[in-house]
Amino acid sequence: MQTARRMLKAIGAALWLSATAAAGQSLHVESPAALSPGPNQGSVDSFVGPHFWAFTALPGHFHLVFSGGTPQEGFAIGGRAAVGIAFAPASRTSRYTTKESAQATVFDGVVDHPQRVVVEVEPRKSPLVRQTTDYTLTLTGDVDGAPHAARARDSGQQIVGVYVSKISDAGAVRFSPDGSITASNGAHGTWTLFDAQSRIYSIDLGGMRFTATLSPGRGLIDTGNHNLIFEMQR
């Protein structure tokens, strides 16, 4: 699979720069998000780029199922997101098989020692038309992943990063860990976490107030009209 081959090259060049797992979907191969046992949901955006996840396979067998949903925003351009996995580092004794169907992509792997596995979910290529699609990665078997409760505790800081405003002339917008917001047009504001489990935030920027849901790896979605209002940058 082209996605897996490209990911292997990216891992070789970048993964050893950091062993830190990010919370929620990650846009960076050097800091993939922690994939937990059980279902893990995400939304991949053709204008934003691929997501990276990682988990530790323990001696034995692991089973990973990728299933995609219908487009949630923009136009239906056909096809679905692609997925690939790679061992990091590569190992002669670790192996996996892939089965494709119209409903899902299934990976079955076998390892004889603890082995890090990186997963890439790549959106459909669409440089002119946006397509956002939900997906689910379901992980089972002999694996060790970050528990969902631990990820929930970290969700308050998932908003930290740089975005582009889609509903004002604020331009590039930085959400800082201290709760402050700085925009490239000189505007300032604040953000606060309203509900950690649902990733809902209250945002005040340049006199404008929003209630938004964070879609990690994509951006902030208006809870009222469900439009993307701040697009996350790579």
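Look up: the structure comes first, before these words.
Values in this document were obtained by computation on a predicted structure and should not be read as measured data. (Residues numbered from 1 in each chain as written. Predicted model: local features only at pLDDT ≥ 70, side-chain atom pairs only at ≥ 80, totals over all residues. Heavy atoms only, no water.)

Among the secondary structure elements, Val48 is positioned in the loop between β2 (38-45) and β3 (51-74). With 84 residues separating them in the primary sequence, Val48 and Thr132 have C-alpha atoms 9.4 Å apart. (Helix = DSSP H or I, 4+ residues; strand = E, 2+ residues; numbered from the N terminus.)

A separate point is the pattern of salt bridges. Tallying each qualifying case throughout the model produces two salt bridges. Of the charged contacts in the structure, one is a salt bridge between Asp45 and Arg218, with a shortest N-O distance of 3.5 Å. Pair noted here: Asp45 is in strand β2 and Arg218 is in the loop between β14 (208-215) and β15 (219-222), with a separation of 173 residues, a long-range link. An identical accessibility class is assigned to Asp45 and Arg218; each is buried. (Salt bridge = Lys/Arg side-chain N within 4 Å of Asp/Glu carboxyl O. Buried < 20%, exposed > 50% of the residue type's maximum accessible area, 1.4 Å probe, protein only.)

We now examine the side chain of Ser215. Inspection of the secondary structure assignment puts Ser215 in strand β14. Discounting chain neighbours no more than four positions away, the residues touching Ser215 are Ser43 and Ile221. (Contact = heavy atoms within 4.5 Å.)

This brings us to the pairing of strand β6 (residues 105-111). Burial runs high along β6: five of the seven residues are buried. As judged from the six bridges shared by strand β5 (residues 95-100) and β6, these two strands associate in the antiparallel manner. Across the sheet, the residue bridging to Tyr96 is Gly109, located in β6. Joining the antiparallel neighbours β5 and β6 is a turn of four residues. (Pairing = 2+ DSSP bridges.)

Turning next to the packing of aromatic side chains. This structure, assessed with the given rule, holds nine aromatic pairs. For the ring pair Phe55 and Phe62, a centre distance of 5.4 Å and an interplane angle of 70° mean the geometry is edge-to-face. We classify Phe55 as buried; its relative accessible area is 3%. Through a chain of ring-to-ring contacts, three or more aromatic side chains come together here, namely Phe55, Phe62, Phe87, Tyr96 and Phe107. (Phe/Tyr/Trp six-rings, centres within 6.5 Å; stacked < 30°, edge-to-face > 60°.)

What follows covers the sheet that holds strand β11 (residues 180-183). Reading around the barrel, the eight strands line up as β9-β10-β11-β12-β13-β14-β15-β16 and close back on themselves, with antiparallel pairing between neighbours. Going from strand to strand, the sheet's axes swing by 30° on average, the running direction of each strand aside. (Axes fitted to C-alpha atoms, helices over the stretch in contact; angles between N-to-C directions.)

A word on the nonpolar core. Ranked by size, the top nonpolar core spans 22 residues in total, and within it Leu35, Phe55, Phe62, Leu64, Val119, Val121 and Leu137 carry the most contacts. Listing elements by their share of this core, those giving two or more residues are β3, β4 (82-87), β6, β7 (115-122) and β8 (131-144). Ranked by residue count, the leading element in this core is β3, at six residues. Contact partners of Phe55, with chain neighbours within four places excluded, come to Leu35, Phe62, Leu64, Gln115, Arg116, Val117, Val119, Leu139, Val143 and Asp144. (Core = buried A, V, L, I, M, F, W, Y, C linked by side-chain atoms within 4.5 Å.)

Bringing empty space enclosed by the protein into the picture now. Any empty space left between atoms is shown by rolling a water-sized probe over those atoms. For the structure shown, the criterion picks out one cavity of 30 Å³ or more. Quantified by volume, the largest cavity comes out at close to 50 Å³. Along the walls of the largest cavity sit Val44, Ser46, Arg80, Ala81, Pro123, Arg124, Gln131 and Thr133, which together make up its complete lining. Along the lines of polarity and charge, the residues of the lining of the largest cavity split into three nonpolar, three polar and two charged. (1 Å grid on protein atoms, 1.4 Å probe; cavity = no way out; pocket = protein on both sides within 12 Å on 5 of 7 lines; lining within 4 Å. Points joined across faces, edges and corners; volume = space filled by probe spheres on them. Nonpolar A, V, L, I, M, F, W, Y, C, P; charged D, E, K, R; others polar.)

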